[in-house]
Structures are given as C-alpha cells and as structure tokens.
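Overview (structure and organization)
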Amino acid sequence: MKLRRMVYATLLLFALIWETACTPEYVEAPGQTPAAQADPPKKTYADVIIGFAQLGAESEWRVANTASIKETAEELGIELRFSDAQQNQENQILAMRSLIVQRVDVIGISPIVETGWNEVFQEAKDAGIPIILLDRRADVSEDLYVTYLGSDFLEEGRKAGRVMAQITNGQAKIVELTGTPGSAPAIDRYKGFRQILLDYPEMRIVDSQTGDFTRARGREVMEGFLNTYGKAITAVYAHNDDMALGAITAIEEYGLKPGVDIKIVSVDAAAVAFEAMIAGKMNATIECNPLLGPQFFELALKVINGEDVPKWVPSEESVFMAVDAAEILPTRKY
Ligand code: AHR
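Note that the structure is predicted; figures quoted are calculated from it, not measured.

So, how was this worked out
Residues numbered from 1 in each chain as written. Predicted model: local features only at pLDDT ≥ 70, side-chain atom pairs only at ≥ 80, totals over all residues. Heavy atoms only, no water. Phe/Tyr/Trp six-rings, centres within 6.5 Å; stacked < 30°, edge-to-face > 60°. Buried < 20%, exposed > 50% of the residue type's maximum accessible area, 1.4 Å probe, protein only. Lys NZ or Arg CZ within 6 Å of the ring centre and 35° of its normal. Pairing = 2+ DSSP bridges. Helix = DSSP H or I, 4+ residues; strand = E, 2+ residues; numbered from the N terminus. Axes fitted to C-alpha atoms, helices over the stretch in contact; angles between N-to-C directions. Contact = heavy atoms within 4.5 Å. Near = heavy atom within 4 Å. Polar contact = N/O pair within 3.5 Å; in protein donor to acceptor, adjacent residues only side chain to side chain. Areas by Shrake-Rupley, 256 points an atom, 1.4 Å probe, with all protein chains shown as cover. 1 Å grid on protein atoms, 1.4 Å probe; cavity = no way out; pocket = protein on both sides within 12 Å on 5 of 7 lines; lining within 4 Å. Sits in = over half its atoms within 2 Å of the grid points. Nonpolar A, V, L, I, M, F, W, Y, C, P; charged D, E, K, R; others polar. Domains from an automatic or database assignment.

**A word on the packing of aromatic side chains**
- All chains considered together, the criterion is met by 7 aromatic pairs.
- Seen from their ring centres, tryptophan 117 and phenylalanine 121 are 5.8 Å apart, and the 40° between their planes marks the pair as tilted.
- Its relative accessible area of 0% is what places phenylalanine 121 among the buried residues.
- Each residue in the set Phe52, Phe82, Phe296 and Phe297 is aromatic and connected to the rest through ring pairs, giving one cluster.
- Directly above the ring of phenylalanine 82 sits lysine 70, whose terminal nitrogen or CZ lies 4.5 Å from the centroid.

**Considering the sheet that holds strand S5 (residues 147-150)**
- Pairing in this open sheet of 6 strands is parallel, and the strands run S2-S1-S3-S4-S5-S11 from one edge to the other. With partners counted over all chains shown, the strands left at the sheet margins are strand S2 (79-84) and strand S11 (312-314), one partner each. Pairs of neighbouring strands in the sheet enclose a mean axial angle of 20°, with direction left out of account.
- Here 3 bridges tie S5 to S11, and the two strands are oriented parallel to one another. Opposite leucine 149, over in S11, you have valine 313 as the bridge partner.
- Along the sheet, helix H3 (residues 89-101) makes contact with strand S1 (49-54), S2, strand S3 (106-109) and strand S4 (131-134), crossing S1 at roughly 170°.

**Section: the site of the ligand**
- All residues in the neighbourhood of the ligand are listed as Glu58, Ser59, Trp61, Arg62, Asp135, Arg136, Phe153, Pro185, Arg189, Phe213, Asn240 and Asp268.
- The contact in question runs from an oxygen atom of the ligand to an N or O atom on the side chain of glutamate 58, over 2.3 Å.
- Aspartate 135 is positioned with one of its side-chain polar atoms (N or O) 2.8 Å from an oxygen atom of the ligand.
- Calculation on the ligand without its partners gives an accessible area of 280 Å², and the protein chains cover 100% of this total.
- Assessed atom by atom at 2 Å from the grid points, the ligand resides in the largest cavity.
- When contributions to the shell around the ligand are tallied by element, the ones reaching two or more residues are helix H2 (60-76) and helix H6 (184-197).
- Of the residues assigned to the shell around the ligand, the class counts are 4 nonpolar, 2 polar and 6 charged.
- Counting only domains with at least three residues in the shell around the ligand, you end up with domain 1 (45-151 + 291-316) and domain 2 (153-288).

Below, the structure written as structure tokens:
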C-alpha cells in the first residue's frame, strides 16, 4: 500500500516537471506590440446608423417621445431610420424586418403590445443587431434584447391609486379608462391601481373599458359610462391624459363638473393635463417621462461599443396635484 502511494507520488512529480519544461513561454512576434492587440477604436455618433420602430402617434405623450428621438438624433449627428407603425403590430414587425435588411447598428422599439415578438426579435439577434426596448416592455426572453429604457408602469398605477384615495378620502365609485389592450402600460397600470385599492374597501371600480390611449375613444367610452351609471360615478381613473381630456368633454356635455362632481386622476403629466388642472377640471396626473431620446442614443452607442448596460434603465417620475399646476406648468417640456 505504502509502496503504491510512493509510486503515484513519484509519477505525479515527473508529470509536473515535464509539463513545466515543455510549456513554451509566451514570445512576442516580431512587430507585434501590445498596442497592436488593443481594442478597436470606439465608434462615435457620426459612425452609426440607428433604427427606431415607433408604435404610432396616438397621444400627446407619443408625439413628445417621437420629437425627443428625432431632435436628439439631429443634435448628435446620428443617421436615424425612423418608422411609425400607426398603432398596428404587423406594421411594426414589418418595420423591424426592414431595419434588419438595412443592417442598422441598433434597433430601438416601443412594442405596441407585450406579446408576439419572439420571431422577429430572434431574426434581429441572428443578424447580430441588438435591440433596445424603449418605453414599453416585450414579453420575450432576456437574451433577445439588451436593455429596457422606460417607466415602472406598475408603480404608476399604484401612485394613481394612492392619489385617488387621498382626493376621495378613500370613498369612490370609479370608472376606469384603460390603455391599448395587451400593452405593457395598460396591463401594469391596471394591476398597480388595484393593489392599492385592496386597502380601501370603500373605493370600488364600477366599470373598466379601453379608450386605446386616445382622446376620441376616451370621450366615447366616458359617454357610455355616463349613460349607464349617470351620477353614481364619482371618479375617473384614466391610463393617460388624452383619455382623461376626452372624459372631461363627455362629463361637461352630460352636465356635470369634471374635477368637482367627478374627480379625475390620469397618467403622463402632459402640459394639457396641467392646463386642465389649472381650470379645475382635473385633480392629479402621474408623471410618465417621454423625453427619452438622449438616454436612448447614449445607451445605443455603449451597446455598439461593447460596453455593459443595465437590463433596465428606469425613468425618474413624480406625481402632480392640481394645487401646484400653475406653478409647474411653465417648467413642463411636453
Ligand atoms: O407607453 C406609454 C403610454 O403610451 C403613455 O402613457 C400613453 O399616453 C401613450 O400612448
């Protein structure tokens, strides 16, 4: 037994000596300096082509978002290939395929709805084109996009719930105007609001229907709510300011006072909401920041240059009440 162990130990020793003696030392090839092995030079904004597949122009928010992207590209001297899908997922998928064929360096996209992206995202990945989600998330595996730049929609819904409790003293019969069905903000603002309502048994949602994030649909749906429930409605929770403004028109036409007879809380914090608050027709708006152009291109350049970026870059957002609207309106940029 002892002899066998001694034999193994000797063999091991020989193997180690052999390995050390035969491993060649690293020798620099003639003319190969450390500088020649350095990383390739970093690209600048002037060297890149960036694609952006926007979902539409349905709201004040979206118009401000598009302007921020286009203006920032121009300021930075970036070649931007931009398309507007007019609220249609198929158009947005076609736009992505076109950007893949054009071999842009990065594709930015605000997915209109959460699902249905696996195939085209995989095509972009196979073509070596990174995807940055801007504003809205997509329900895909994390390896199909590099980062998401945008809001915490769930928290926006919670903030709306807390503010609603505050302005109604926890007692309300609420109608809800939801955003585009299947979209990330509509799903999360719906959920977040209900999480808060669990603590307020006297706050009830009487009805909830989509206004598709547009003023025209918000007005139509609110007309329907008023025809069905009339004066029983004491509050509106709108998933964006545009639908809230549509609801305000419907309430006035019905002969009630928006902001007084029916309290109104919405999301976005667009300048038009501040004007409505100053006029006493709306009570609060939760900020959702659309001015994402500068952060988007900064992230895109980092990604192109192989730098690490976080999987989620959240936007910083506040809550604005009617009482502060006049003071804050002049500082609003959208
Ligand atoms: O995705 C953000 C939402 O989309 C905004 O709240 C809404 O106004 C827009 O249409």
